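A closer look at the structure
Chain by chain, the residues:
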Amino acid sequence: MTSLPPSTKHIRAVTEAYLARQPDERDSLALLFAVLAGADAPTSRKTFPVHVTCSAILINGERHMLHIAHKASGKLLAPGGHNEPADQHLRDAALRELHEEAGIPPSAVVPLAGYEDAPLDIDVHAIDANPSKNEPAHHHVDFRWAFHLGAEHAVTLQEQEVDGYQWRPFATAASPTVRAKLAQLT
């Protein structure tokens, strides 16, 4: 049986569920709606000038968020990346990336209450051209799914892609949009 990546219908439904909470962000997602209207697979890393990625916002018991130091960018970011063919839903990609980059399995986390079917944040950001990968400058539309660390589990880094990690208080989360949304959580 061949796995199928998240369908355009699934991505649109998740986006609309997100926009039901954040209606003022509809205009900022214009690039996403353009790729959803096209013929190319929105989750393919070869779809240009924009494609979908997924990240995991992992929150521990001290209300800190996990940040991973990525070698490629040199930035502290939430665990995340491109979708793979076996990721049937967007949330699956975030969970897989969390496991791959930080060694935390899906069984050790639970979705943030109220965010089981919609991400906490959707961010559109520019990516520089990478001639070594034959990639032009493009945009990622990053679906950021929120999870609580449900069971104590050590972070075990994937050393090929990441250099380290930090648990940061909500007020110092690297992403301003995530920081603002985390500040609103009770």
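My aim in this report is to walk through the structure given alongside it, one point at a time. No experiment lies behind these values; they were computed from the predicted model shown.

Some remarks on the packing of helix α1 (residues 8-21) against helix α2 (residues 30-37)
With their axes 10 Å apart at the nearest point, α1 and α2 run at an angle of 155 degrees to one another. If you check the angle between α1 and α2, you find them roughly antiparallel. Remark: the crossing between α1 and α2 carries left-handed chirality. Listed contacts from α2 to Thr8, Ile11, Arg12, Thr15, Glu16 and Leu19 of α1 are Leu32, Phe33, Leu36 and Ala37.

Things to note about the layout of surface pockets
Its boundaries defined by the atoms lining it, the largest pocket holds a volume of some 1,300 Å³. Residue lining of the largest pocket: 41 residues in total, with Ala72, Ser73, Leu77, Ile127 and His140 positioned closest to the centre. The set of elements that each furnish at least two residues to the lining of the largest pocket consists of β1 (50-59), β2 (64-70), β3 (76-77), β4 (80-82), α3 (90-102), β6 (121-127), β7 (138-149) and α4 (176-183). The residue inventory of the lining of the largest pocket, partitioned by class, reads eleven nonpolar, 15 polar and 15 charged.

Structural notes on the pattern of salt bridges
Here the structure, examined in full by the defined rule, presents ten salt bridges. Among the salt bridges present, the one from Lys181 reaches Asp121, with a minimum N-O distance of 2.5 Å. One end of the pair, Lys181, is in helix α4; the other, Asp121, is in strand β6, and 60 residues separate them in sequence. In this structure, Lys181 and Asp121 share a single accessibility class: buried. Linking Asp123 and Arg144 is a salt bridge whose minimum nitrogen-to-oxygen distance equals 3.3 Å. Remark: Arg144 occurs in strand β7 and Asp123 occurs in strand β6; sequence separation between them is 21 residues. In this pair, the class of Asp123 matches that of Arg144, namely buried. Among the charged side chains, a network of salt bridges with common partners joins Glu25, Asp121, Asp123, Asp142, Arg144 and Lys181.

Quick notes on the packing of aromatic side chains
Under the definition given, this model contains zero aromatic pairs. Positioned over the ring face of Tyr115 is Arg21, at 4.0 Å from the centre of the ring.

Some details on α2
Looking at α2, one finds that the buried residues are Leu32, Phe33, Val35 and Leu36. For α2, the arc enclosing every buried residue in end-on projection is 160 degrees, short of the 170-degree limit, so these residues lie on one face. Residues of α2 that are buried make contact with α1, β1 and β7.

So, how was this worked out
Residues numbered from 1 in each chain as written. Predicted model: local features only at pLDDT ≥ 70, side-chain atom pairs only at ≥ 80, totals over all residues. Heavy atoms only, no water. Axes fitted to C-alpha atoms, helices over the stretch in contact; angles between N-to-C directions. Helix = DSSP H or I, 4+ residues; strand = E, 2+ residues; numbered from the N terminus. Parallel < 35°, antiparallel > 145°, perpendicular 65-115°, else oblique. Left-handed = near helix turned anticlockwise from the far one by under 90°. Contact = heavy atoms within 4.5 Å. 1 Å grid on protein atoms, 1.4 Å probe; cavity = no way out; pocket = protein on both sides within 12 Å on 5 of 7 lines; lining within 4 Å. Points joined across faces, edges and corners; volume = space filled by probe spheres on them. Nonpolar A, V, L, I, M, F, W, Y, C, P; charged D, E, K, R; others polar. Salt bridge = Lys/Arg side-chain N within 4 Å of Asp/Glu carboxyl O. Buried < 20%, exposed > 50% of the residue type's maximum accessible area, 1.4 Å probe, protein only. Phe/Tyr/Trp six-rings, centres within 6.5 Å; stacked < 30°, edge-to-face > 60°. Lys NZ or Arg CZ within 6 Å of the ring centre and 35° of its normal. Arc of directions from axis to C-beta.

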